[in-house]
Amino acid sequence: MGTKRRWKDLTRGQKIAVGVVGAAQVTLTAAAYRDLLRRPAEQVNGTKLAWGLALLVNWVGPIAYFLDGRKF
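Cut-offs used in this document
Residues numbered from 1 in each chain as written. Predicted model: local features only at pLDDT ≥ 70, side-chain atom pairs only at ≥ 80, totals over all residues. Heavy atoms only, no water. Phe/Tyr/Trp six-rings, centres within 6.5 Å; stacked < 30°, edge-to-face > 60°. Helix = DSSP H or I, 4+ residues; strand = E, 2+ residues; numbered from the N terminus. Buried < 20%, exposed > 50% of the residue type's maximum accessible area, 1.4 Å probe, protein only. Lys NZ or Arg CZ within 6 Å of the ring centre and 35° of its normal. Salt bridge = Lys/Arg side-chain N within 4 Å of Asp/Glu carboxyl O. UniProt positions renumbered as here; feature names shortened; annotations may be inferred.

Draft legend 1. The arrangement of the packing of aromatic side chains in detail. In total, this model carries 2 aromatic pairs according to the counting rule given. Residues Trp51 and Tyr65 carry aromatic rings whose centres are separated by 5.6 Å and whose planes lie at 65 degrees to one another, so their mutual orientation is edge-to-face. On the criterion of sequence distance, the pair formed by Trp51 in helix H2 (residues 48-54) and Tyr65 in helix H3 (residues 60-69) is long-range, its members being 14 residues apart. Across this residue pair, the class does not change: Trp51 and Tyr65 are buried. Here a set of aromatic residues connected by ring pairs shows up, and it is made of Trp51, Tyr65 and Phe66. If you follow Arg39 out to its NZ or CZ, it ends over the ring of Phe72, 6.0 Å from the centre.

Draft legend 2. View of the pattern of salt bridges. Applying the stated criterion across every chain, the model contains 2 salt bridges. Put simply, Asp35 and Arg70 hold a salt bridge, and the shortest N to O gap is 3.8 Å. Taken together, the residues Asp35 in helix H1 (residues 12-38) and Arg70 in the segment after H3 connect sequence positions 35 residues apart. Through salt bridges with shared partners, a single ionic network connects Asp35, Arg39 and Arg70.

Draft legend 3. Summary view of the UniProt feature "domain: Cardiolipin synthase N-terminal" (unreviewed entry) in the protein. Feature annotation in UniProt places "domain: Cardiolipin synthase N-terminal" (unreviewed entry) on residues 28-67, given in this structure's numbering. From the first C-alpha to the last, residues 28-67 spans 13 Å; its make-up is 65% helix and 0% strand.

Here's what the structure looks like:
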């Protein structure tokens, strides 16, 4: 196993990359929650509660919601 790296051990570029990826994840999740809350239950595949819980799963939940959770 490798040694654990701490935030202070990362280069400036690595810190920026972590920030960008983190911001993208938060933005994607917020957009999915916003859509879920505004969309009528009839336009959601499954229950809104189940999708709300699924959105808590990093990356996978919001992407799955946008690909399969909404009816058009």
